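Per-entry structural report
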Amino acid sequence: MSSPPAPGLPHVDAVTPAVLVLPGPVSRGETPRLCDEVRALLETTPAGVVVCDVGGLGPPGLAAVDLLARLELTARRAGGRIRLRDPDPALHALLDLVGLRFETERQVEQREPPLGVEEAVEPGDAAV
């Protein structure tokens, strides 16, 4: 005799990625330590992703780009990758400028509204 399946969605095992907070301006001497931290986090989490919180990184510059590129390279060598959380728009633009693409969290999708949809209607406007 078999029992009916449980109602609702099947069991999903969600894996939460590890988070590494990158504080303040990071010096070049701290890069090896942060790469070691990314490597260690990837070994302990089954997600294969380390989320790097870059919100407190400070004004973007080439030092930040170098750090993120090295962290991504370390993660790739360990069989994973990094994802950026809360990147400054200027940092995002600088990464695009040098040709580095990173997955980001909580990024607002920018697109045009669907055709035939008005965001606001002024009194006296003709109906479409």
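Above this text is the structure in question.
Throughout what follows, the structure given in this document is the object of discussion. (Residues numbered from 1 in each chain as written. Predicted model: local features only at pLDDT ≥ 70, side-chain atom pairs only at ≥ 80, totals over all residues. Heavy atoms only, no water.)

**Brief notes about the sheet that holds strand β4 (residues 103-105)**
- If you walk across this open sheet you meet the four strands as β1-β2-β3-β4, and the pairing is parallel. Unpaired on one side and paired on the other, β1 (18-21) and β4 mark the two borders of the sheet. Between one strand and the next, the sheet's axes are offset by a mean angle of 35 degrees, whatever the strand orientation.
- Sheet strands in contact with helix α2 (residues 62-77) are β2 (49-53) and β3 (81-85), and its direction is about 140 degrees off that of β3. (Pairing = 2+ DSSP bridges. Helix = DSSP H or I, 4+ residues; strand = E, 2+ residues; numbered from the N terminus. Axes fitted to C-alpha atoms, helices over the stretch in contact; angles between N-to-C directions. Contact = heavy atoms within 4.5 Å.)

**Description of the pattern of salt bridges**
- Using the criterion set out here, one finds 11 salt bridges in the structure.
- Two residues, R33 and E30, come together in a salt bridge whose shortest N-O distance is 3.2 Å.
- Note on R33: relative accessible area 40%, which makes it partly exposed.
- For E105, the salt bridge identified is with R83, shortest N-O distance 3.3 Å. Of this pair, E105 sits in strand β4 while R83 sits in strand β3, placing them 22 residues apart in sequence. Pair check on accessibility: E105 and R83 agree, each one buried. (Salt bridge = Lys/Arg side-chain N within 4 Å of Asp/Glu carboxyl O. Buried < 20%, exposed > 50% of the residue type's maximum accessible area, 1.4 Å probe, protein only.)

**A word on the pairing of β2**
- Among the five residues of β2, four are classified as buried, and the element is accordingly described as predominantly covered.
- Two strands pair when backbone bridges link them, and β2 and β3 are joined in this way by five bridges, in the parallel orientation. Within the sheet, the bridge partner assigned to D53 lies in β3 and is R85.
- Taking the sense of rotation as the criterion, the β-α-β connection linking β2, α2 and β3 turns out right-handed. (Right-handed = clockwise from strand over helix to strand, strands pointing away.)

**Thoughts on the packing of α2 against helix α3 (residues 89-97)**
- At a closest axis distance of 10 Å, the pairing of α2 and α3 adopts a crossing angle of 70 degrees. Classed by the angle they form, the pair α2 and α3 counts as roughly perpendicular. As for how α2 packs across α3, the hand of that crossing is right-handed. Touching L62, A64, V65 and L68 of α2 are L91, L94 and L95, all from α3.
- Tallied by class, residues from the contact of α2 with α3 come to seven nonpolar, no polar and no charged. (Parallel < 35°, antiparallel > 145°, perpendicular 65-115°, else oblique. Left-handed = near helix turned anticlockwise from the far one by under 90°. Nonpolar A, V, L, I, M, F, W, Y, C, P; charged D, E, K, R; others polar.)

**Quick look at the packing of helix α1 (residues 31-44) against α2**
- Packing of α1 against α2 brings their axes to within 9 Å, and their N-to-C directions diverge by 35 degrees. Like other packed secondary-structure pairs, α1 and α2 cross with a definite hand, here right-handed. Residues T31, L34, C35, V38, R39 and L42 of α1 form the contact with α2, whose participating residues are L67, R70, L71, T74 and A75.

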